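Observations on chain architecture
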Amino acid sequence: MKKIAIFASGSGSNAENIATYFASNDTARVALILSNRADAPVLQRAARLGIESAVFDRDTFYKGEKIVELLSAHGIDYVVLAGFLWLVPDNLLKAYPDKIVNIHPSLLPKHGGKGMYGDRVHRAVIESGDKESGITIHRVNEFYDSGSIIAQYRVPVTSDDTPETVAAKVHALEYKYFPIEIEKEIGKLQ
Ligand code: GRF
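Note on numbering: residues in each chain are counted from 1, in written sequence order. Local features are withheld for residues below a pLDDT of 70 in this predicted model, meaning they are given only at 70 or higher, and side-chain atom pairs are given and counted only at 80 or more; totals for whole chains, interfaces and linings count all residues. The basis for every side-chain value is the complete set of heavy atoms in the structure, and neither hydrogens nor water enter the calculation.

Contact pair helix H6 (residues 119-127) / helix H7 (residues 163-187): the axes reach a minimum separation of 9 Å and the direction vectors enclose 115 degrees. Taken together, the axes of H6 and H7 are roughly perpendicular relative to one another. Crossing handedness for the pair H6 and H7: right-handed. Contacts between H6 and H7 involve Asp119, His122, Arg123 and Ile126 from the first element and Pro163, Val166, Ala167 and Val170 from the second. We call Asp, Glu, Lys and Arg charged. Ala, Val, Leu, Ile, Met, Phe, Trp, Tyr, Cys and Pro are nonpolar, and the rest, Gly among them, are polar. Within the contact of H6 with H7, the residues separate by chemical class into five nonpolar, one polar and two charged. Axes, fitted as lines to C-alpha atoms, cover a helix only where it is in contact. Angles between the N-to-C directions of the axes lie from 0 to 180 degrees. Here a strand is any run of E in DSSP of at least two residues, a helix any run of H or I of at least four, and the numbering for each starts at the N terminus. Here the word oblique covers every angle except those under 35 degrees (roughly parallel), over 145 (roughly antiparallel) and from 65 to 115 (roughly perpendicular). Put simply, a crossing is left-handed when the front helix is turned counterclockwise from the back one by less than a right angle, and right-handed when it is turned clockwise. It only takes one pair of heavy atoms within 4.5 Å for two residues to be counted as in contact.

So, in structure tokens, the structure goes:
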């Protein structure tokens with residue numbers, strides 16, 4: 001059974017959904033949840049789920065090997081970014097080549113890049129008059145939201161939609177498909 005680490009900066013509803021999915025699935029387990037914010041609600045979710053967690057600061061993330069060492073001490077095979085807002089440094093990319101996945105709440109390359117997260121994305125969708133939005137599940141590289149795409153799922157956007165209603169539709173897609181796509185990627189590991 002493979003071990004997953006999840007990085008999250010905020011609420012962590014996807015992190016919890018992924019942990020719950022794999023709790024009853026023999027492909028993998030979520031073994032570690034990491035956050036760059038000591039007050040992130042995702043840490044309370046980790047405690048409630050009985051999953052070990054760790055908090056780190058910017059220096060620890062970008063300088064030295066502490067994070068890679070922590071992941072390897074936990075035997076982590078695969079890394080998931082779920083609402084994690086920092087660019088991943090080179091040493092971590094090299095330690096987990098093609099084994100780091102992110103979810104973005106739009107149909108990339110639309111509405112991605114630095115500063116495009118959360119409600120800003122859904123507002124941009126409405127302001128652009130897009131007729132659809134969705135999710136993009138992609139491998140992580142050294143740039144924001146631009147690694148190779150694993151899967152995209154779509155929802156219609158109508159003239160009645162607000163950023164909040166688009167967010168709700170997109171979250172539903174995230175909960176339904178992110179765990180399944182992670183499972184498929186982990187299935188390709190040796
Ligand atoms: C999700 O919409 C995800 O697509 C984006 O950040 C949000 C995280 O939400 N990358 P949550 O913390 O999982 O509730």
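Moving on from the model shown.
For the rest of this paragraph, the subject is the pairing of strand E5 (residues 100-104). A simple rule labels every residue: compare its accessible area, found with a 1.4 Å probe on the protein chains alone, to the largest value its type can have, and call it buried under 20%, exposed over 50%, or partly exposed in between. Within E5, five of the five residues are buried, which leaves it mostly tucked inside the rest of the structure. In E5, alternate side chains face the same way, and those of Ile100, Asn102 and His104 on one face and Val101 and Ile103 on the other are all buried. In this analysis, strands are considered paired if DSSP registers two or more bridges between them. Pairing of strand E4 (residues 78-81) with E5, which is carried by three bridges, proceeds in the parallel orientation. Bridge pairing links Val79 to Ile100 in E5. One ladder, built from four bridges, connects E5 with strand E6 (residues 132-139); its direction is antiparallel.

As a further point, take the site of the ligand. Nearness here has a simple test: a residue counts as near a molecule or strand if at least one of its heavy atoms is within 4 Å of that partner. Surveying the vicinity of the ligand reveals the residues Ser11, Gly12, Ser13, Asn14, Gly83, Ile103, Pro105, His171 and Glu174. The term polar contact refers here to a pair of N or O atoms within 3.5 Å; inside protein, the definition further demands a hydrogen-donor-capable atom paired with an acceptor-capable atom, and it admits residues adjacent in sequence only when both atoms are side-chain atoms. Ser11 places a polar side-chain atom, nitrogen or oxygen, 3.5 Å from an oxygen atom of the ligand. Between the ligand and Ser13, the relevant distance is 2.5 Å, taken from an oxygen atom to a side-chain nitrogen or oxygen of the residue. Here the ligand, which alone exposes 360 Å², has 84% of that area covered by the protein. Of the pockets mapped on this structure, the ligand occupies the largest pocket. Residue classes in the shell around the ligand are distributed as two nonpolar, six polar and one charged. All accessible areas in this document rest on Shrake-Rupley with a 1.4 Å probe, and a residue is counted as covered only by the protein chains that are shown. Here a cavity denotes grid points, spaced 1 Å and computed from the protein atoms alone, that fit a 1.4 Å probe unable to get out, and a pocket denotes an open set having protein on both sides within 12 Å along at least 5 of 7 lines; residues with an atom within 4 Å of a point are the lining. Criterion for pocket placement: a molecule counts as inside a cavity or pocket if more than half of its atoms are within 2 Å of its grid points.

Packing of helix H1 (residues 13-23) against H7 brings their axes to within 10 Å, and their N-to-C directions diverge by 45 degrees. The pairing of H1 with H7 is recorded here as oblique in orientation. When you trace H1 past H7, the crossing you get is right-handed. Where H1 approaches H7, its residues Ser13, Asn14, Asn17, Ile18, Tyr21 and Phe22 are matched on the opposing element by His171, Glu174, Tyr175, Phe178, Pro179, Ile180, Ile182 and Glu183. In terms of residue class, the contact of H1 with H7 is made up of eight nonpolar, four polar and two charged.

Read across the sheet, seven strands follow the order E3-E2-E1-E4-E5-E6-E7 without closing on themselves; strand pairing throughout is mixed. Bordering the open sheet on either side are strand E3 (53-55) and strand E7 (149-156), each of which pairs with just one other strand. Averaged over all adjacent pairs, the angle separating strand axes in this sheet is 20 degrees, with direction ignored. Pairing geometry for E6 and E7, over seven bridges, is antiparallel. Considered in E7, the bridge of Gly134 is made with Arg154.

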